[in-house]
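# What the coordinates show
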Amino acid sequence: MYKDILVHIPTERPMRPAIEGSVSLAAKLNAHLDAVAVGYVATSTAYVMEGGAAVAAVFELERERAAERAEAALAVFKSEAANAGIAYTCHALGAIPADAAGSLGEMARLHDLSVLLQPDPAQGSFDNDMPSEILFRAGGPVLFLPYTFRGAFKAKRIGICWDGSRVAARAMRDAASFLARAEEIVIITVNETDDVSSEASASGLARHLGRRGLSTRTVSLTATRADIQPIILSLAADESLDLLVMGGYGHSRLQERFLGGVTRAMLEAMTVPTLMSH
């Protein structure tokens, strides 16, 4: 059950999708909603701290201004949250991007679900970097909302992207609260072959969910690797899905974050809210 939810409110991008989606979700689940916004201090400004007390004061002034930008974003959230009558808390941070990513990741670890805005590849901003960072750091489910999202969040029709992998299984389990309330669940497989073990196959997943009292149907697709993400989104549109559930592939190397190809493509082009777990 999602009773403690975290939402990242952007300060450099439109914030309405994150606010409307998270507030409506918290209201529907009677959950507490923690909202965090970050005003970013340019990394180049942080370097002046090595120059002594005078330049350190300049950095502190910039940090305070950054925190004020975060407070301005949260003011919009507070209005919507109060109107919805939900329980909420706000956190305004002024920090360099690396420190902000660490703080947000730590906060996400003690929440049942984190709600984030899809990165926009057409915009260059620090807010674009936070979503994938939190996916790596959270240790739990992340709900990505498309930047075109408007209105109340719903999850009546859910698609589970299934390949039998560890991360797909993690995402499926993390979506249990949504699945239990769904009106229809579609298991989506791409290029599943006959040599997949029955325990990890789509039919095995259907049996598992059936024991939970959940009815499902399976759609099997065939696609080249480059076409996996487009064909899943096309099916989501054809099936009028409200939510996709999928594993968030990726790895860390020398402190850099690398997303898997399908995960990266989905984050860039998603048209439907997507729950991912890493």
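Please refer to the structure placed before this passage.
Numbers given for residues are sequential positions, taken from 1 along each chain in its written order. Local features in this predicted model are restricted to residues of pLDDT 70 or higher, and side-chain atom pairs are both shown and tallied only at a pLDDT of 80 or more, whereas totals for entire chains, interfaces and linings draw on every residue. Excluding hydrogens and water, the side-chain figures rest on all heavy atoms present in the structure.

## Some points on the overall build of the protein chain
Rules: In this text, helices come from DSSP runs of H or I with a minimum length of four residues, and strands from runs of E with a minimum of two, each type numbered from the N-terminal end. Remark: exposure states derive from per-residue accessible area (1.4 Å probe, protein chains only) relative to the maximum for the residue type, with buried under 20%, exposed over 50%, and partly exposed in between. The contact rule is simple, with two residues in contact once any of their heavy atoms fall within 4.5 Å. Where accessible areas are quoted, they stem from the Shrake-Rupley method and a 1.4 Å probe; at the residue level, only the protein chains shown are allowed to cover.
Of regular secondary structure, the protein chain possesses 10 helices and 12 strands. For the protein chain, the residues scored as buried account for 50% of the 278 residues in total. Looking at the protein chain alone, contacts between residues at least 24 apart form 81% of all its contacts between residues at least 6 apart. Accessible surface for the protein chain amounts to roughly 12,600 Å². Of this, 51% is attributable to carbon and sulfur atoms.

## Let's talk about unusual backbone geometry
Its identity is not glycine, yet Asn 30 carries a phi of approximately 55 degrees, on the positive side. On the secondary structure map, Asn 30 appears in the loop between α1 (16–29) and β2 (32–40). According to the relative accessible area criterion, Asn 30 is exposed, its value standing at 64%. The backbone of Asn 191 shows a phi angle near 60 degrees, a positive value even though the residue is not glycine. Structurally, Asn 191 can be placed in the loop between β7 (184–190) and α8 (202–211).

## Quick look at empty space enclosed by the protein
Counted only if it meets this: Here a cavity denotes grid points, spaced 1 Å and computed from the protein atoms alone, that fit a 1.4 Å probe unable to get out, and a pocket denotes an open set having protein on both sides within 12 Å along at least 5 of 7 lines; residues with an atom within 4 Å of a point are the lining. Grid points are joined across faces, edges and corners, and a volume is the space filled by probe spheres set on the points. Side-chain classes are defined by residue name, with Ala, Val, Leu, Ile, Met, Phe, Trp, Tyr, Cys and Pro counting as nonpolar, Asp, Glu, Lys and Arg as charged, and the others, Gly among them, as polar.
Here the structure, examined in full by the defined rule, presents 1 cavity of 30 Å³ or more. Roughly 30 Å³ of internal volume is contained in the largest cavity. As for the largest cavity, its lining consists of His 8, Pro 10, Arg 13, Leu 117, Asp 127 and Pro 131. Split into classes, the residues belonging to the lining of the largest cavity amount to 3 nonpolar, 1 polar and 2 charged.

## Some thoughts on the nonpolar core
Put simply, the rule is: Nonpolar cores were defined as sets of buried Ala, Val, Leu, Ile, Met, Phe, Trp, Tyr and Cys residues, with membership established by side-chain atoms within 4.5 Å.
Membership of the largest hydrophobic core comes to 47 residues, with the highest contact counts inside it found for Ile 9 and Phe 178. At 6 residues, α1 tops the list of elements feeding residues into this core. Grouped together as the second largest cluster of nonpolar side chains are 37 residues, Val 36, Ala 95, Ala 108 and Ile 232 included.

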